[in-house]
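# Fold and geometry: a report
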Amino acid sequence: MSLEEADVYTRTAYGRQQSQQQSLISHIKASLVVIVIGLLLLCGGVLALLWNEGRAVQTAKSLDETLRILVELPTIEAAYEDFDDRLVYLTAPITTVQPLQDKNYNISIWAAKLKRTVEMYQWVEQESSIGSYSGDQTHTEMTYSYSQEWREDLVDSRHFDSSHVHANPAQMIISSTLYRAPVVQVGNFFLSDTMIENIMPFKVISTIAPPAGSDGKLHNGYLYYAANPSKPQVGDTRVQFQYAGLTKMSEFGSQDTVSIMARQMKNSFGPYQTTAGDALELLYMGKLSPAEIVRKEHAANQFTLWLLRGAGWLVLFVGFTCMTSFITKLTAWLPLVGTLVSLGVASMNLTLSGTVALIVMALGWLWYRPLAALFMIGVAVMPTIITHMQRQRPHSHTN
């Protein structure tokens, strides 16, 4: 059997089906559990949506506040006490006191961060199951499929269903690591750990020299330990180096500039607490004005707002689906009726989850943006109004 033919395995398990009375009791218990889960999801979804709207309003107010109280530092060469504990702005190149090094690969670079990524080509197992009934027996088919992937983490193949065929090495030849400059400065100011974390993005170092005596091959920005980098085998390893935040002009490019908006703490920076409630400690790559930083933060706030709104709506939809699942189960044995009922229930759940989500979102904006809140409430109740009007039409024709 070839390797490709052996990459999918199916295992079948047999069991005795419960009696009709036992089966009914089990279904009732399962339905009650699902309904309780649905209620919990509804509560969680509503609370999450309320929190998200409040968070977005607070962040928007905090950002609007910054431009009124912000102070631009006159110099980065000295820290004036007059600006301590105030929200300050500056833009300047970043510097470090020494280069970052990886002695294993003889790499040295003036940067804020240097990352070594090590990946191994390994077997990965996916598992799926299908259940069926035949008479008084249950059949469960377990299918295990295997693929080969580059993975940074070590995949333990000892627990695979066919570990004798799909075996991964027990360890890697070298591990991934992140080097970070202990001190990063702008002029005579020291960046906080949070700011250093925000120095992005990472860029690939395309020229890597393999260690002396190794058989590494450079290919597409990776150093491969493989017989053929284009056709890797399980156990082959590749290494890549990336950097972020150049602190000196070099063969990798120009020195990077950052724009900062944060609380001055003597000759360092920290989070500034706004009256609205947010703690601001912002760093952006490049030379940006305060207005540009605020615009970017507003855009990020809107993106997070809609992302969490979608997640909240999905939680509500799943909650309503759990609560109405017993309806579809009652009609599942009727082919056509069951399908129609399932479609109707799904449509109802979509309407309910959408309506509840819009109302909850509107409540969060009533004080900050009342017109937007009233518009969302109007959209939320529109399906109910239209349905009520359609029901009233036959009566008006009769009269």
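Just so you know, these numbers come straight off a predicted model, no measurement behind them. (Residues numbered from 1 in each chain as written. Predicted model: local features only at pLDDT ≥ 70, side-chain atom pairs only at ≥ 80, totals over all residues. Heavy atoms only, no water.)

For the pair helix 3 (residues 290-323) and helix 5 (residues 335-365), the least separation of the axes is 9 Å and the interaxial angle reads 135°. Put simply, helix 3 runs oblique to helix 5. The interaxial crossing formed by helix 3 with helix 5 has right-handed handedness. Side by side, helix 3 and helix 5 meet where Leu305, Arg309, Trp313, Leu316, Phe317, Phe320 and Thr321 of the first sit next to Ala346, Asn349, Leu350, Leu352, Ser353, Gly354, Val356, Ala357, Met361 and Trp365 of the second. Residue classes in the contact of helix 3 with helix 5 are distributed as twelve nonpolar, four polar and one charged. (Axes fitted to C-alpha atoms, helices over the stretch in contact; angles between N-to-C directions. Helix = DSSP H or I, 4+ residues; strand = E, 2+ residues; numbered from the N terminus. Parallel < 35°, antiparallel > 145°, perpendicular 65-115°, else oblique. Left-handed = near helix turned anticlockwise from the far one by under 90°. Contact = heavy atoms within 4.5 Å. Nonpolar A, V, L, I, M, F, W, Y, C, P; charged D, E, K, R; others polar.)

Before going further, it helps to examine the pairing of strand 16 (residues 257-265). Of the strand pairs in this sheet, strand 3 (residues 87-93) and strand 16 are connected by seven bridges, and their pairing is antiparallel. Its bridge partner lying in strand 16, Thr91 is registered against Ser259. Direction of pairing for strand 16 relative to strand 20 (residues 282-285): antiparallel, over a ladder of four bridges. In the strand pairing of strand 20, Ile260 is matched with Leu283. Note: strand 16 against strand 17 (residues 268-270), three bridges, orientation antiparallel. Paired with Met265 across the bridge in strand 17 is Ser268. The loop that links strand 16 with its antiparallel partner strand 17 comprises two residues; one of these, Lys266, has a positive phi angle of about 60°. (Pairing = 2+ DSSP bridges.)

As a further point, take the confidence of the model for the chain. Residue-level pLDDT values for the chain average 86, and 85% of them are 70 or greater. Here residues 1-6 is a poorly scored stretch, pLDDT under 50, and it has four contacts once near neighbours within four places are set aside; other chains count. (pLDDT = per-residue confidence, 0-100.)

Another point: the pattern of salt bridges. Scanning the entire structure with this criterion turns up nine salt bridges. A salt bridge links Glu53 to Arg309, with the nearest nitrogen and oxygen atoms 2.8 Å apart. Of the two residues, Glu53 sits in helix 1 (residues 20-69) while Arg309 sits in helix 3, which places them 256 residues apart along the sequence. Accessibility expressed as a relative area gives 0% for Glu53, which makes it buried. One salt bridge connects Arg158 with Asp156, and the closest N-O pair in it is separated by 2.9 Å. Residue classification places Arg158 among the exposed positions, given a relative accessible area of 67%. Salt bridges linked by common partners bring Glu149, Arg151 and Asp153 together as one network. (Salt bridge = Lys/Arg side-chain N within 4 Å of Asp/Glu carboxyl O. Buried < 20%, exposed > 50% of the residue type's maximum accessible area, 1.4 Å probe, protein only.)

Cis geometry marks the peptide bond from Met200 to Pro201; its omega dihedral reads -5°. Its place among the elements puts Pro201 in the loop between helix 2 (193-197) and strand 12 (203-204). Positioned with a positive phi, Asn106 is a non-glycine residue whose angle comes to about 55°. Positionally, Asn106 belongs in the loop between strand 5 (100-102) and strand 6 (107-109). At Lys266, a residue that is not glycine, the phi angle is positive and equals roughly 60°. Relative to the assigned elements, Lys266 resides in the loop between strand 16 and strand 17. By relative accessible area, which is 61% here, Lys266 ends up exposed.

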